[in-house]
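# Descriptive analysis of the structure
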Amino acid sequence: EESIAKSEQAFELMQNEPNPFVDQTRIGFNLPSAGPIEFTVYDAAGKEWYSEQKMYEAGYSEIELNKTKLMKSGIYYYKLIFDKQMQVKTLFVLSN
């Protein structure tokens with residue numbers, strides 16, 4: 001039980017759901033403590049399409065991302081930075 005409790009408190013970036021998506025997706029993440037995050041979405045060429053910096057409480061939170069922020073279908077990467085730690089995942093945007 002102790003190892004489960006510890007894993008729930010770890011910094012973790014989840015895979016977006018749904019993935020791939022047409023209009024909107026949710027990206028969950030876990031923070032071990034309250035603090036600022038930096039969230040960025042960029043394409044394979046490294047062009048930044050969306051970024052936000054915001055304070056979040058400890059525990060699970062979600063960011064909702066809609067296609068209007070990305071402008072076109074394709075493969076993107078999303079990165080979350082918290083307390084000098086970084087995690088990156090891939091998301092796919094489909095055209096209507």
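Residues numbered from 1 in each chain as written. Predicted model: local features only at pLDDT ≥ 70, side-chain atom pairs only at ≥ 80, totals over all residues. Heavy atoms only, no water.

## Some words on the sheet that holds strand 3 (residues 35–43)
Just so we agree on the cut-off: In this scheme, strands are said to pair when DSSP sees at least two bridges between them. Under the scheme used here, helices are H or I runs from DSSP no shorter than 4 residues and strands are E runs no shorter than 2 residues, and both carry numbers assigned from the N terminus. Think of each axis as a best-fit line through the C-alpha atoms, taken over the contacting stretch in the case of a helix, with angles from 0 to 180 degrees between the N-to-C directions.
Reading across the sheet, the four strands line up as 4-3-6-7 and stay open at both edges, with antiparallel pairing between neighbours. A strand with exactly one partner marks an edge of an open sheet, and here the two such strands are strand 4 (48–56) and strand 7 (85–93). Between one strand axis and the next, the sheet turns by 15° as a mean value, whatever way the strands run. In the sheet, strand 3 pairs with strand 6 (residues 74–82) via seven bridges, with the strands oriented antiparallel. Bridging from a neighbouring strand, aspartate 43 pairs with tyrosine 76 of strand 6.

## Some words on unusual backbone geometry
Cis peptide bonds are those with omega within 30 degrees of zero, and the linkage from glutamate 17 to proline 18 qualifies with -10°. Tracing the backbone through its elements, the reader meets proline 18 in the loop between strand 1 (12–13) and strand 2 (24–31). With omega at 5°, the peptide bond leading from asparagine 19 into proline 20 counts as cis. The topology assignment puts proline 20 in the loop between strand 1 and strand 2. Backbone geometry places aspartate 83, a non-glycine residue, at a positive phi of 50°.

## Here's the deal with the sheet that holds strand 1
Judged by pairing direction, the sheet is antiparallel, and its three strands sit side by side in the order 1-2-5 without closing on themselves. The outermost strands of the open sheet, each flanked by one partner alone, are strand 1 and strand 5 (59–66). With two bridges joining them, strand 1 and strand 2 adopt antiparallel strand pairing. The residue of strand 2 that forms the bridge with glutamate 12 is asparagine 30.

Nothing here speaks to function; it is geometry throughout.
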